[in-house]
Amino acid sequence: MDNIVQKFKNTFYTKEFITFLIIGVINTFNGTAFSYLYSSFLNENIAFIVGYISGLIISYLLNSFITFKERLQFNKFIKFVISYIPNFIIQNIVVVIVFNLLGLNKLIAYLLAAIIGIPITFILMKFFAFNKKIN
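Residues numbered from 1 in each chain as written. Predicted model: local features only at pLDDT ≥ 70, side-chain atom pairs only at ≥ 80, totals over all residues. Heavy atoms only, no water.

So, on to the packing of helix α3 (residues 44-67) against helix α4 (residues 74-83). One can describe the packing of α3 onto α4 by two numbers: an axis separation of 11 Å at closest approach and a directional angle of 120°. One way to sum up the angle between α3 and α4 is to call them oblique. Pair α3 / α4 crosses with right-handed handedness. Across from L56, I57, S59, Y60 and N63 in α3, the residues of α4 making contact are K76, F77, F80 and V81. Among the residues making up the contact of α3 with α4, the classes are represented as 6 nonpolar, 2 polar and 1 charged. (Axes fitted to C-alpha atoms, helices over the stretch in contact; angles between N-to-C directions. Helix = DSSP H or I, 4+ residues; strand = E, 2+ residues; numbered from the N terminus. Parallel < 35°, antiparallel > 145°, perpendicular 65-115°, else oblique. Left-handed = near helix turned anticlockwise from the far one by under 90°. Contact = heavy atoms within 4.5 Å. Nonpolar A, V, L, I, M, F, W, Y, C, P; charged D, E, K, R; others polar.)

Pasting the structure below:
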């Protein structure tokens, strides 16, 4: 049990994770702002997808340079995008539920969607996209 707790601490109680969270806040703002902007001329669900992609590109740049201190590489970008697929699916489901089914404001739907899935995304990004090891 101590080994599991230690691995958890080594993964989430790190400067990398704090930096990832800060960049996540920036990315949440970017994705939400882009989605909201795109929704003025696109369907809200399509606007979310296009906004998500716009934010994802910025997130890759910030996480490469700041969080993981890695050079930009096409294969890492592909792995980065793959590591975001579970998060994207979860977020899309949240937008459909909150906006389409519950009828809440699209900005609330985009913000709630952006908050969900952070730990899963960090783990996939760290260990899959950027090939980091548990300390």
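That shown, we press on.
A separate point is the packing of α3 against helix α6 (residues 106-115). Packing of α3 against α6 leaves a shortest axis separation of 12 Å and a crossing angle of 40°. On the basis of the axis angle, α3 is oblique to α6. The crossing of α3 and α6 is right-handed. Two secondary-structure elements touch here, α3 through E44, A47 and F48 and α6 through K106, Y110 and A113. Considered class by class, the residues forming the contact of α3 with α6 number 4 nonpolar, no polar and 2 charged.

Taken as a whole, the largest pocket holds about 310 Å³ of empty space. Contributing to the lining of the largest pocket are 22 residues, with G24, N27, T28, Q91 and A114 lying nearest its centre. When residues of the lining of the largest pocket are traced back to their parent elements, those giving at least two are α2 (15-38), α3, α5 (85-101), α6 and α7 (118-129). The dominant element in the lining of the largest pocket, judged by the number of residues it contributes, is α2, at 9 residues. (1 Å grid on protein atoms, 1.4 Å probe; cavity = no way out; pocket = protein on both sides within 12 Å on 5 of 7 lines; lining within 4 Å. Points joined across faces, edges and corners; volume = space filled by probe spheres on them.)

Backbone geometry at K69 places phi at a positive 50°, although glycine is not the residue there. Tracing the backbone shows K69 in the loop between α3 and α4. On the basis of relative accessibility, which here comes to 60%, the residue K69 falls in the exposed class. (Buried < 20%, exposed > 50% of the residue type's maximum accessible area, 1.4 Å probe, protein only.)

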